[in-house]
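# Breakdown of the fold
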Amino acid sequence: MFTLAQLSSFVAVAEELHFTRAAERLRMTQPPLSRQIQLLESDLRVQLLDRTNRSVRLTPAGRAFLNEARRILRQAEHAALAVRQVSTGEAGALAIGFTAAGAYSALGALLSVARRTMPRTEVVLREMVSRDQVEALTEGSLDLGVIRPAGTGPDLVTRTATREGLLAALPVGHPLASREGELRVSDFEGLEVLMYSPVEARYFHELLISIFRAAEVTPVFTQYLSQVHSLLAMVNAGWGTALVPEAAAQMRFDGVVYKPLALPGPKPVELNLVWRANNDNPALHALLRHV
């Protein structure tokens, strides 16, 4: 089978119609160039060039093969470029997991960075709760997770992406909805509060339990739900109040009023980037460099 070197030699001679000029173009001497053409014709079992001491002409077969040779060389060049781009993270594929609430905060910024700096990389998005993301990262079916703090194990690396506060989500007409300024945790004493599931939304469940316990406040927990948008839909229907991350205010419900909640210390709601330490996907490491 012919080689790329033989094709390059043939294209140079076919375009120059002169062995000496073709050899100079390829920065080689004429004898090895002639040998490459002979080997190509032998492999193809057809004469491509008519040679005399005074001229070089393409045969009909040579004219037909010239276009194919150029096409193969272009494809080879494109393939080499694509491989180099994959190796540097400029191209390839990247699987990113995210939580529903995370889509309203860090995910948008992350995707903007990927689109701007890695336009040739295919990004595959998978909406998953944090627990399922950790499992997928460990198994290798996910490159990067955008998750709430969770037990991740020694093989996973964690970087804090954002921190945000909590908002009280209240039905329109609720007594607290018209109050000026920030609400306090004590305002929820005895109120019906839509709670996060202790399994599917363990992070938020434990966060709210710790906040109410520290303030010695005892609300009445009603429904237990796993997703922020589900809680807000219930608030919108007048089924109670809820505490949600600040980014959730981007979810517009006509029947929901958002009020800031005063809390001691730093903003309590954390969102992390998590990846497997031994993940060798160049696209992952290119994105991490940019963010």
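For the structure itself, look to the data block above.
These notes cover the structure that comes with them. On a predicted model such as this, the values are computed, not experimentally measured, just so you know. (Residues numbered from 1 in each chain as written. Predicted model: local features only at pLDDT ≥ 70, side-chain atom pairs only at ≥ 80, totals over all residues. Heavy atoms only, no water.)

### Regarding the sheet that holds strand β11 (residues 256-260)
Taken in spatial order, the 3 strands make up an open sheet running β10-β7-β11, and their pairing is antiparallel. At either margin of the open sheet sits one strand with a lone partner, and together these are β10 (242-245) and β11. The mean angle between the axes of side-by-side strands here comes to 40 degrees, regardless of whether they run parallel or antiparallel. Across the face of the sheet, helix α8 (residues 228-236) comes into contact with β7 (166-171), β10 and β11 while running at roughly 140 degrees to β10. (Pairing = 2+ DSSP bridges. Helix = DSSP H or I, 4+ residues; strand = E, 2+ residues; numbered from the N terminus. Axes fitted to C-alpha atoms, helices over the stretch in contact; angles between N-to-C directions. Contact = heavy atoms within 4.5 Å.)

### Let's talk about the pattern of salt bridges
Scanning the model with the defined rule gives 14 salt bridges in all. Its salt-bridge partner being Glu 15, residue Arg 70 comes within 3.1 Å of it at the nearest N-O pair. With a gap of 55 residues between them, Arg 70 in helix α4 (residues 60-88) and Glu 15 in helix α1 (residues 4-16) connect regions that are remote in the sequence. For Arg 70, a relative accessible area of 29% corresponds to the partly exposed category. With its nearest N and O atoms 2.9 Å apart, the salt bridge here joins Asp 187 to Arg 179. When its relative accessible area of 33% is taken as the criterion, Arg 179 is described as partly exposed. Within this structure, Glu 15, Glu 16, Arg 21, Arg 25 and Arg 70 form a network of salt bridges that share partners. (Salt bridge = Lys/Arg side-chain N within 4 Å of Asp/Glu carboxyl O. Buried < 20%, exposed > 50% of the residue type's maximum accessible area, 1.4 Å probe, protein only.)

### Here's the deal with the packing of aromatic side chains
For the structure shown, the criterion picks out 6 aromatic pairs. Ring centres 5.3 Å apart and planes at 65 degrees place the aromatic pair Tyr 203 and Phe 204 in the edge-to-face group. Their ring planes at 55 degrees and their centres at 6.0 Å tell us that Phe 212 and Phe 221 sit as a pair that is tilted. Overall, Phe 221 belongs to the partly exposed group, its relative accessible area being 25%. Here the aromatic cluster, defined as three or more aromatic residues joined through ring pairs, consists of Phe 2, Phe 10 and Phe 65. (Phe/Tyr/Trp six-rings, centres within 6.5 Å; stacked < 30°, edge-to-face > 60°.)

### Quick word on the side chain of Thr 241
Assignment of secondary structure puts Thr 241 in the loop between α8 and β10. What makes Thr 241 buried here is its relative accessible area of 1%. With sequence-adjacent residues up to four places away left out, Thr 241 is seen in contact with Ala 169, Leu 170, Pro 171, His 174, Phe 188, Glu 192, Val 193, Leu 194 and Val 235.

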